[in-house]
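Each chain, letter by letter, is given below.
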Amino acid sequence: MKRTSIVVILLAAAVTAAAQARPQHSGLARIGNTGQARVGLSRTMRVELRRAHVAPSARVLAVRSGRTFVRLGGPGNDHCYGVKKGTASQFGFTCWDDFPSTGHPVLDLSTFGADDGGPMHVIDAQGVAADGVATIAFVDAAGAVLGRSSVSGNVYSVSAPPAGAARIVALDSHGRTVFAVPK
Amino acid sequence: MRRLTALVAVVAALLAPNVAAATNWEHYGWVPNGYDPQCLWYPTYGQCSGWNWWVLNDGHVYSGGPALTGFENANTIRGRWTYAGQYAYTHPSDFGMPAYVRAQITNYSGTPAWVDSWAGA
């Protein structure tokens, strides 16, 4: 009987430890938006995708502010996401096998840059985020939050971010930081 | 037969300039990787191509970083932050830049990155 009690206590301790070891954030390794209609790709785009060993197939995730967000590829190789503006023939795209994951819940497609010797900053903000990412925040070089934008349907898109934004920080529904670009 | 030979010569002449014009640039190794005078913006942190009508810069970060994959000219630098394990396929048009630019990959994150940046024109 005493041995049984010890085993029960040990099992309870193991279960408690496992529960505590579970990641605090949920939904960071999942994307609910699997894409809607397929979109046609230009010949140049298909060539580029084949060169990247990605099936030349695209499903629309969202259209925001004139930008089309797509998930590219086929079964077993669909960890590529792209965006294009207006009637552009090509998608700029990024492939990342480790997205979405708790370590990498955001696949950022934003443009960063600088002009005429000025500091590097966010030119436009756009990307794909896991279900557990609720908001993105724009942060200046000193760490001050300049503005926020919500993530909807796993996509965020801000064509005119606040002036002086140097980083994009991804937050969960509790306001906790889950990723930042750049780190 | 003579007409066929002439036709083949004309076709070959038409194709030849395209083949000769196709060019590429590649940096496979570390960034930062010492001073690169080809870089107009961050010569101590980046690796850059010469001037060309670049169509694509395919930046792959194997480890470290992140690194900024994109393009630059004298007035402007643009790119996308690319993390370890990522492949970023960027075009000058993605950033609203003219096509006559330098391809660049830059890393001032403080963590050296092992990368392969390949640009095609």
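What counts and how
Residues numbered from 1 in each chain as written. Chains lettered and ligands numbered in written order. Predicted model: local features only at pLDDT ≥ 70, side-chain atom pairs only at ≥ 80, totals over all residues. Helix = DSSP H or I, 4+ residues; strand = E, 2+ residues; numbered from the N terminus. Buried ≥ 20, exposed ≤ 12 C-beta atoms within 10 Å, placed from the backbone. Contact = placed C-beta atoms within 7 Å. Nonpolar A, V, L, I, M, F, W, Y, C, P; charged D, E, K, R; others polar. Pairing = 2+ DSSP bridges. Axes fitted to C-alpha atoms, helices over the stretch in contact; angles between N-to-C directions.

Visitor: Go over the overall build of chain A with me, naming the residues and quoting the values.
Guide: Per the secondary structure count, chain A includes 2 helices and 12 strands. The secondary structure elements of chain A, listed N-terminal to C-terminal, are α-α-β-β-β-β-β-β-β-β-β-β-β-β. Sorting the 183 residues of chain A into buried and exposed places 38% on the buried side. Considering only contacts in chain A between residues 6 or more positions apart, those separated by 24 or more positions represent 49%.

Visitor: Explain the overall build of chain B residue by residue, including any values.
Guide: Looking only at helices and strands, one finds 1 helix and 9 strands in chain B. Element order for chain B, N to C, with α for helix and β for strand: α-β-β-β-β-β-β-β-β-β. Residue burial in chain B is summarised as follows: out of 121 residues, 46% are buried. Within chain B, counting contacts between residues at least 6 apart in sequence, those at least 24 apart form 65% of the total.

Visitor: Just give me the short version of the interface of chain A and chain B, but keep the residues and values in it.
Guide: Accessible area lost when the parts come together is the quantity often used to give the size of an interface. Each partner contributes residues to the interface: chain A has 25 residues there, and chain B has 22 residues. Contributions of two or more residues to the side of chain A that touches chain B are made by strand S4 (92-96) and strand S6 (111-115) of chain A. A per-class count over the side of chain A that touches chain B returns 11 nonpolar, 7 polar and 7 charged. When S6 of chain A meets strand S6 (residues 76-82) of chain B, the two strands line up antiparallel, connected through 4 bridges. If you follow Ala114 of chain A over to S6 of chain B, its bridge partner there is Ile77 of chain B.

Visitor: If you had to explain the environment of Leu56 of chain B to someone new, which residues and values would you point to?
Guide: With respect to the element layout, Leu56 of chain B can be found in strand S4 (residues 56-63). For Leu56 of chain B, a count of 20 C-beta atoms within 10 Å puts it in the buried group. Separated by 20 residues in the primary sequence, Leu56 of chain B and Asp36 of chain B place their C-alpha atoms 21 Å from one another. Look past the residues within four positions of Leu56 of chain B in its chain and what remains in contact with it is Glu48 of chain A together with Tyr89, His91, Ala119 and Gly120 of chain B.

Visitor: So, the pairing of strand S9 (residues 145-150) of chain A: which residues are in play, and what are the values?
Guide: Pairing geometry for strand S8 (residues 135-139) of chain A and S9 of chain A, over 5 bridges, is antiparallel. Paired with Ala137 of chain A across the two strands is Arg148 of chain A, which belongs to S9 of chain A.

Visitor: Break down the environment of Thr177 of chain A for me, with residues and values.
Guide: Residue and element names in this part refer to chain A. Mapped onto the fold, Thr177 is located in strand S12 (residues 177-181). With 12 C-beta atoms packed within 10 Å, Thr177 lands in the exposed category. Distance in space between the C-alpha atoms of Thr177 and Thr44 is 38 Å, their sequence separation being 133 residues. Excluding anything up to four places from it in sequence, Thr177 contacts Val169 and Leu171.

Visitor: Run through the sheet that holds strand S1 (residues 24-31) of chain B, naming residues and quoting values.
Guide: As summarised here, the arrangement of the 8 strands in space is S1(A)-S2(A)-S3(A)-S4(A)-S7(B)-S4(B)-S9(B)-S1(B), forming an open sheet in which the pairing is antiparallel. Edge strands, defined here as strands with exactly one partner in the open sheet, are strand S1 (58-64) of chain A together with S1 of chain B. Across the sheet, the mean angle separating the axes of adjacent strands is 15° when strand polarity is ignored. Bridge count between S4 of chain B and strand S9 (residues 113-120) of chain B: 7 bridges; the pairing is antiparallel. Paired with His60 of chain B across the bridge in S9 of chain B is Asp116 of chain B.

Visitor: Account for unusual backbone geometry, naming residues and giving values.
Guide: Residues Phe99 of chain A and Pro100 of chain A are joined by a peptide bond in cis, for which omega reads -5°. Along the chain, Pro100 of chain A turns up in the loop between S4 and strand S5 (106-108). Residue Val31 of chain B is joined to Pro32 of chain B through a cis peptide bond whose omega torsion reads -5°. Within the chain, His53 of chain A stands out as a residue other than glycine whose phi angle is a positive 60°. One can find His53 of chain A in the loop between helix H2 (43-51) and S1. Positive phi outside glycine occurs at Asn154 of chain A, with the angle close to 70°. Structurally, the position occupied by Asn154 of chain A is in the loop between S9 and strand S10 (155-158). Since 24 C-beta atoms lie within 10 Å of it, Asn154 of chain A is described here as buried.

Fair warning: the whole summary comes from geometry, so function is off the table for now.
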